[in-house]
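# Secondary and tertiary structure notes
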Amino acid sequence: MEVPGLAHNITSPMSPCEGMIKDLSLDALQLCERDGGKSQDISEVEELPVAQNIKISNITCDSFKICWDMDPKVKDRITHYFIDLNKKENKNSNKFKHKDVPTKLVAKAVPLPMTVRGHWFLSPRTEYTVAVQTASKQPDGDYAVSEWSEIIEFCTADYSTVHLNQLLQKAEVISGRMLRFSVFYRNQNKEYFDHARESEGGRMLPSVKDNSGSHGSPISGKLEGLFFSCNTEFNTGKPPQDSPYGRQRFQVPAEVLFNPGTNLYFGDFYCMYTAYHYVVLVLAPQGSAGDDFCKQRLPALDIADNRFLTCTRAEEEGGGGTGGEGAGLVFRHAQDVNLEVIYTEPLELARGTVAEISGHQLMSMSTLNAKKDPSCKTCNISVGR
C-alpha cells in the first residue's frame, strides 16, 4: 500500500517519463558489496548525463517512487542507476566511492518512475536523503558513471491501516481470554491533580501521545488524549495497587468512557525487550475531533465483539451490568496483554474519584517513550520498523 507524499524538491514540471510506472523488482535492485572487486572500480566519464529534477512520490513506510529528467539522446547508453540512500543525519555521505557505501543501491536502467522498496533499509517516519548517478557497464565489467545529482530529502510515512491490521492480527493471537472489569484508572503524582483542580477548572486535559511503541504508529506524536488502564489482577478482579506513574489514582466508572456512543480503534502492538506485550487502543466519542482523526488512520473495532476490550448489554448475556448511568452494560478486557487506553477528550475529575494507592511506584514498568523490540517475532510485521 502506498501513501501519497512529497519530497522537498518536487516543484519542477513533470517529466515525460512520469507516464510510465514500473516497480524496481528485487532482482533488479541490490545492495553493493562492500569488499573490493573489478566491477566496483568506477571511472568518471563526463559525457554521461546527470539526473536532473529528481522527483519523489508515492511515499509509504518502506517504499517510494523516484523519477528524474533524462536526455533522450543518451538514454540508450545508460545501463544502470546508482541510488545513494542515507538517513538524513548522514546526508554528507552521499559522495562516497561506490565500493565504500553499503547504502548504495544498484538498479538496472528500467523505465521511470520506479519503486524502491525494502524493509531492510527503509524504516517508517524517518528522514532520508537520496542522490543518483547514471552508469554504463563496460565490456570489461567496470562502470562508467556520471556526476552525482543534487541531494533530495524526503520522509517515509507512518504505517497504513493495512500494516496496522497486520499488527492487529498478531495481537489477537496472544490476547487470551476476556475478564470482567468495571473501572478505568489513571495514575499521576499529587501535583498533577492539584494543577487540574486549580488551573484547569477541575479537568484533566489531553496531551500529545509520546513516541513509545512501534516507530510507524500514526498516533505517536500526533494524537491527543488521556492515558488510562483497565487491566485487573487475576485473583482479585480489581486494579493492581502498583504503578510506575504516581501514587495518586483517578478511578472512573467504565461506562463514563466506554459506551455505545464511543468508537474503539486499534492503535499499536509492541513489547520492550520483555515477555510483556502492550496493546494501544483509542476510545473516541462519536463525532469528536479524536474520532475524526482515528477514522482516517486506525482500524476500527466492534465495541461488542473484539479480542481486547468489549462493552456489551447485560440482557444479551442474561445478567445485570453495573449501576448508575451505565446500568445494563458489561465490560471485559483481554487477560494476556497490557492495555493502554487513550481517551481523546478532556475529563472532569468530578466524574470519578482520586485516592492514593497502597502499592509501590515501580518506575521500571513505565512505557514512557519506550522503544519497541525490533527483533520480537510476536509483535513485528514484515515492513519497515
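First, a word on scope: everything that follows refers to the structure included in this document. In this text, all values refer to a predicted model and were calculated from it rather than measured experimentally. (Residues numbered from 1 in each chain as written. Predicted model: local features only at pLDDT ≥ 70, side-chain atom pairs only at ≥ 80, totals over all residues. Heavy atoms only, no water.)

## Brief notes about the overall build of the protein chain
- For the protein chain, the helix and strand inventory stands at 4 helices and 25 strands.
- Out of the 385 residues in the protein chain, the part that is buried amounts to 50%. (Helix = DSSP H or I, 4+ residues; strand = E, 2+ residues; numbered from the N terminus. Buried < 20%, exposed > 50% of the residue type's maximum accessible area, 1.4 Å probe, protein only.)

## What about the side chain of asparagine 306?
- By the secondary structure assignment, asparagine 306 is in the loop between strand 20 (300-301) and strand 21 (309-313).
- With a relative accessible area of 11%, asparagine 306 lands in the buried category.
- A polar contact of 2.8 Å, which involves the side chain of asparagine 306, links it to the backbone nitrogen of phenylalanine 308.
- Beyond its immediate stretch of four places on either side in the chain, asparagine 306 contacts Met178, Leu264 and Leu301. (Polar contact = N/O pair within 3.5 Å; in protein donor to acceptor, adjacent residues only side chain to side chain. Contact = heavy atoms within 4.5 Å.)

## Brief notes about the packing of aromatic side chains
- On inspection of all chains with the given rule, the structure shows 11 aromatic pairs.
- Here tryptophan 68 and tyrosine 81 contribute two aromatic rings whose centre-to-centre distance is 4.8 Å and whose plane-to-plane angle is 80 degrees, an arrangement assigned as edge-to-face. Placement of the pair is tryptophan 68 in strand 5 (residues 63-69) and tyrosine 81 in strand 6 (residues 80-87), with a sequence separation of 13 residues.
- Relative to phenylalanine 331, the ring of phenylalanine 181 has its centre 5.9 Å away and its plane inclined at 55 degrees; by these criteria the two rings are tilted. Placement of the pair is phenylalanine 181 in strand 12 (residues 178-181) and phenylalanine 331 in strand 22 (residues 329-334), with a sequence separation of 150 residues. (Phe/Tyr/Trp six-rings, centres within 6.5 Å; stacked < 30°, edge-to-face > 60°.)

## Details of the pattern of salt bridges
- The tally for this structure, following the rule as stated, stands at 10 salt bridges.
- Residue glutamate 127 is joined to lysine 88 by a salt bridge in which the shortest nitrogen-to-oxygen separation is 3.8 Å. Within this pair, whereas glutamate 127 is found in strand 9 (residues 127-137), its partner lysine 88 is found in the loop between strand 6 and strand 7 (104-108), the two being separated by 39 residues in sequence.
- Here aspartate 194 and arginine 197 are joined by a salt bridge, their closest N and O atoms 3.2 Å apart. With a gap of 3 residues between them, aspartate 194 and arginine 197 both fall in helix 2 (residues 190-199), about one helical turn apart.
- What makes arginine 197 partly exposed here is its relative accessible area of 43%.
- Several salt bridges converge on common partners, so that one network encompasses Lys88, Glu127 and Glu153. (Salt bridge = Lys/Arg side-chain N within 4 Å of Asp/Glu carboxyl O.)

## Thoughts on the nonpolar core
- If you look at the biggest cluster of nonpolar residues, it comprises 59 residues, and the most contacted ones within it are Phe184, Phe228, Phe266 and Leu309.
- Residue contacts for phenylalanine 228: discarding those within four places in its chain leaves Phe184, Tyr185, Arg186, Met204, Phe250, Val252, Leu257, Leu339, Glu340, Val341, Tyr343 and Leu347.
- Ala51, Cys67, Met70 and Val116 belong to the second-largest nonpolar core, a separate cluster that totals 28 residues. (Core = buried A, V, L, I, M, F, W, Y, C linked by side-chain atoms within 4.5 Å.)

## Some details on the sheet that holds strand 17 (residues 248-253)
- Spatial strand order, 13-17-25: 3 strands in an open sheet with antiparallel pairing. With one partner strand each, in any of the chains shown, strand 13 (183-188) and strand 25 (353-356) form the two edges of the open sheet. Shown here is a sheet whose adjacent strand axes are inclined to one another by a mean of 25 degrees, direction ignored.
- In terms of strand pairing, strand 17 meets strand 25 through 4 bridges, oriented antiparallel. Bridging across to strand 25, phenylalanine 250 finds its partner in valine 354.
- Taken strand by strand, helix 2 contacts strand 13, strand 17 and strand 25, and its axis lies near 105 degrees from that of strand 13. (Pairing = 2+ DSSP bridges. Axes fitted to C-alpha atoms, helices over the stretch in contact; angles between N-to-C directions.)

## Brief notes about unusual backbone geometry
- For the bond running from leucine 112 to proline 113, omega is -5 degrees, close enough to zero to count as cis.
- Here proline 113 lies in the loop between strand 7 and strand 8 (114-117).

## Considering the sheet that holds strand 23 (residues 338-343)
- Across the sheet, which stays open at both edges, the 6 strands sit in the order 15-16-23-19-18-20 with mixed pairing between neighbours. One side of each edge strand has no neighbouring strand; the edge strands of this open sheet are strand 15 (207-208) and strand 20.
- Contacting strand 18 (262-271), strand 19 (277-285) and strand 20, helix 1 (residues 161-173) crosses the sheet at an angle of about 80 degrees to strand 18.

## Some thoughts on the pairing of strand 6
- Of all 8 residues in strand 6, 7 are buried, a share of seventy percent or more.
- The sheet contact formed by strand 6 and strand 7 spans 5 bridges and is antiparallel. Directly across from isoleucine 83, in strand 7, lies its bridge partner leucine 105.

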